[in-house]
Amino acid sequence: MIAQELSVGEVAKRSGVAVSALHFYERKGLIRSLRTAGNQRRFARDVLRRLAVIRVAQRVGMPLEAVATAFAALPENKTPTKAEWARMSALWRSELDQRIEQLLLLRNQLTDCIGCGCLSLKRCRLANPGDALGDQGDGPQRWG
């Protein structure tokens, strides 16, 4: 019979996530553990799937708050179905599409622009004479 609960060490080993990160995710409410009589953490097996989603989300730049919001739509204490995961991931689609558009814009303009804050390339003086955008604040003013 396969154990239904995993120790923090087992979860770390199976997921590739450091124990300290597991504790952090638990404090953020992304994962939950139970406590034994000896106050040791035990995790349900579905935590492995949640951790995989967290890692993928971080790889694509999704903030942990977005992960928490998506997880709130999932059932607790059981592995979500394929349909439940699909609904959760649909919540990220528009945000990811926006990020892709921003990255494509950045890639296509990178050789011509350094983010126009203006950090000033000689050529940029044509688009930003007198550093007019600098009056609007620090950092890139034409992005976002």
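Structure's up top.
Quick look at the structure, then. Note that the coordinates shown come from a computational prediction; the quantities given were computed from them, not determined experimentally.

A word on the pattern of salt bridges
Where side chains of opposite charge bring their charged atoms close, a pairing between them can arise. If you walk through the whole model with that rule in mind, you get 3 salt bridges. Close ionic contact of D46 with R50 constitutes a salt bridge, the shortest N to O distance being 3.2 Å. Both residues of the pair, D46 and R50, count as buried. Across the pair E95 and R99 runs a salt bridge whose closest N-O atoms are separated by 3.1 Å. Taken as a pair, E95 and R99 lie in helix 5 (residues 82-109) at a separation of 4 residues, close to a single helical turn. Classification of R99 as partly exposed rests on a relative accessible area of 26%.

What about the packing of helix 1 (residues 8-15) against helix 3 (residues 47-59)?
For the pair helix 1 and helix 3, the least separation of the axes is 10 Å and the interaxial angle reads 45°. Comparing their axes, helix 3 and helix 1 come out oblique. Of the two possible hands of crossing, helix 1 and helix 3 adopt the one that is right-handed. Facing helix 1, whose interface residues are V11, R14 and S15, helix 3 presents V47, L48, L51 and R55. Partitioned by chemical class, the residues of the contact of helix 1 with helix 3 number 4 nonpolar, 1 polar and 2 charged.

Concerning the nonpolar core
In terms of nonpolar packing, the biggest core is built from 25 residues, with I54, F71 and W92 touching the most fellow members. A total of 6 residues in this core trace back to one element, the largest contributor, which is helix 3. Those residues in contact with F71, other than ones at most four positions away along the chain, are L30, R50, V53, I54, W85 and M88.

Examining the packing of aromatic side chains
When we look at a pair of aromatic rings, we describe it by the centre distance and by the angle of the planes. The tally for this structure, following the rule as stated, stands at 2 aromatic pairs. Ring centres of F71 and W85 lie 6.4 Å apart, and the angle between their planes is 75°; on these two criteria the pair is classed as edge-to-face. With F71 in helix 4 (residues 64-72) and W85 in helix 5, this pair connects stretches of sequence that are 14 residues apart. Residue class for F71 comes out buried when judged on its relative accessible area of 5%. We note R50 situated over the ring of F71; from NZ or CZ to the ring centre the distance is 5.2 Å.

Reading guide: rules and limits
Residues numbered from 1 in each chain as written. Predicted model: local features only at pLDDT ≥ 70, side-chain atom pairs only at ≥ 80, totals over all residues. Heavy atoms only, no water. Salt bridge = Lys/Arg side-chain N within 4 Å of Asp/Glu carboxyl O. Buried < 20%, exposed > 50% of the residue type's maximum accessible area, 1.4 Å probe, protein only. Helix = DSSP H or I, 4+ residues; strand = E, 2+ residues; numbered from the N terminus. Axes fitted to C-alpha atoms, helices over the stretch in contact; angles between N-to-C directions. Parallel < 35°, antiparallel > 145°, perpendicular 65-115°, else oblique. Left-handed = near helix turned anticlockwise from the far one by under 90°. Contact = heavy atoms within 4.5 Å. Nonpolar A, V, L, I, M, F, W, Y, C, P; charged D, E, K, R; others polar. Core = buried A, V, L, I, M, F, W, Y, C linked by side-chain atoms within 4.5 Å. Phe/Tyr/Trp six-rings, centres within 6.5 Å; stacked < 30°, edge-to-face > 60°. Lys NZ or Arg CZ within 6 Å of the ring centre and 35° of its normal.

Geometric descriptors of this kind do not, in isolation, establish any biological role.
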